[in-house]
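One letter stands for each residue in the lines below.
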Amino acid sequence: MVKSARCGQVVWLGEAAVALSPDESGRFSDLLKEHADGLVARWAELVGAGLQGRMSRPELERQTRDLQKGFQQALAAGARDLKDEEAAELRAQLSELSSHRARQGFSANETAISVFALKDAVLDVLGDTDDINTLRAFVSFSAFIDRAALFTFDSYVRVRESLIADQTEQLLELSTPVVKLWDGVVAVPLVGTLDSARAQVVMERLLQTLVDTGSPYAIIDITGVPAVDTQVAQHILKTVVAARLMGADCIISGIRPQIAQTIVALGIEFGDIATKASLADALRYVLGQKSYKVVAAKRTER
Amino acid sequence: MERVPVLKIGDILLVSIQIDMEDQVALQLQEDLADRIVTTGCHGVIIDISALDIVDSFVGRTLATIASVSRVLDAETVVVGMRPAVAITLVELGLSLPGIRTALNVELGIEMLALSRPHLDVEFDDDEDEADSAAVLAP
């Protein structure tokens, strides 16, 4: 097991089938150093072709040169496999590269090619050779690059997953606003499918708002909920009962005809909870309920 | 043993529970409150549980009993200030505290009591219309 330097997460890089011999590491380190400029140019060209101009050439060359240095230093330090201690810096560099690419919206393919292209570049430098030892060394080196690319791919996926998780959370936050409609009346317009996680967020936020604003009435508007099944109804009912326990009344509004049909077909009972067809009806109902209270409150203020 | 203080404000007894509701405390409160309702002749009881983190089934039943006892003694009981987390837990446990009236805060609780007994509302009729009648009634 080796800890990836950047994320601090444990990454299993696998057992190397073909490891570089110390001799081979040194040889490729020298080769990378010697042909640095030619390699970087060819490498950047190969990567650039895949990126289709979404990254400026100088930036790409700078990145490629950094990577080349990373590889060269790791090999010079005697790294035989990517999980070796000597390659820690290279691993950090690769994670950095993939997280950068992932955040900029490049595909996994485009990210992996940034590493794989080194193979082609090195092969070009080696030229046509019949030397069996050179070829064998290249196979080991190629396996090393494969591992590096796999590692890049792994980091890429991890960054993308964390991005998706963040966005899901943001969506959850965004999609459950509680709005004040009138003095003592708040409304929760529900939009989208109501699963357990969202129902929980809605419930907590609504109840907290009731406490914070001291509103004795809440309207739950389900116009934006595409389907109401027993599960969703259960969530709504729980919210209403919890609000009642705290001393606030809930009205459910925005029930579309099809939804009403489904509710009846499923045998869902809303009991003595007021249900209205539209938000306007619900507000009118609430104002009717508290009409003389509104007047009384006005008078005490004077 | 710790006791929960019972404060008399006008026609209302205010109980604010600031300590953990152990079984003994709850039973003691039930007794104290019944005594105070009789001695003061109040017609409203407000129990503030906004400081309570936990309301278990026993506390829930005690609150229900207090409400029933008060009703027998002609006093309305309102439980106020239940925390969202407590409400959610009670719902998840399937306890809906039947027979207990609730309000979001003490102010709304007082208002609720005033509305249920409008003829006894001295605190709230400071508007012009009823100011005269209140003045006539006052000795």
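Just so we're clear, the structure is a prediction, and the values are computed from it rather than from any experiment.

Rules used throughout
- Residues numbered from 1 in each chain as written.
- Chains lettered and ligands numbered in written order.
- Predicted model: local features only at pLDDT ≥ 70, side-chain atom pairs only at ≥ 80, totals over all residues.
- Helix = DSSP H or I, 4+ residues; strand = E, 2+ residues; numbered from the N terminus.
- Buried ≥ 20, exposed ≤ 12 C-beta atoms within 10 Å, placed from the backbone.
- Contact = placed C-beta atoms within 7 Å.
- Pairing = 2+ DSSP bridges.
- Axes fitted to C-alpha atoms, helices over the stretch in contact; angles between N-to-C directions.
- Parallel < 35°, antiparallel > 145°, perpendicular 65-115°, else oblique.
- Left-handed = near helix turned anticlockwise from the far one by under 90°.
- Nonpolar A, V, L, I, M, F, W, Y, C, P; charged D, E, K, R; others polar.

**What to know about the overall build of chain A**
Assigned secondary structure in chain A consists of 11 helices and seven strands. Out of the 302 residues belonging to chain A, those deemed buried represent 33%. Restricting the contact set of chain A to residue pairs at least 6 apart, pairs at least 24 apart contribute 76%.

**A word on the sheet that holds strand 5 (residues 101-103) of chain B**
All names here are of chain B. Strands sit in the order 1-2-3-4-5 across an open sheet of five strands; the sheet is mixed. Each edge of the sheet is formed by a strand with only one pairing partner; in this case those strands are strand 1 (6-9) and strand 5. The sheet shows a mean angle of 25° between the axes of neighbouring strands, taken without regard to direction. Running over the sheet, helix 1 (residues 23-40) touches strand 1, strand 2 (12-16) and strand 3 (44-48) and is turned about 160° from strand 2. Its contacts with the sheet place helix 4 (residues 106-116) against strand 2, strand 3, strand 4 (76-80) and strand 5, and it is angled at close to 160° to strand 4.

**Points about the packing of helix 7 (residues 196-213) of chain A against helix 3 (residues 84-93) of chain B**
The description of two helices packed together rests on the angle between their axes and the distance between the axes. One can describe the packing of helix 7 of chain A onto helix 3 of chain B by two numbers: an axis separation of 9 Å at closest approach and a directional angle of 135°. As judged from the angle between their axes, helix 7 of chain A and helix 3 of chain B are oblique. The two elements helix 7 of chain A and helix 3 of chain B meet at a crossing, and its hand is right-handed. Side by side, helix 7 of chain A and helix 3 of chain B meet where Met203, Glu204, Leu207, Gln208 and Val211 of chain A of the first sit next to Pro84, Ala87 and Ile88 of chain B of the second. Grouping the constituent residues of the contact of helix 7 of chain A with helix 3 of chain B by class yields six nonpolar, one polar and one charged.

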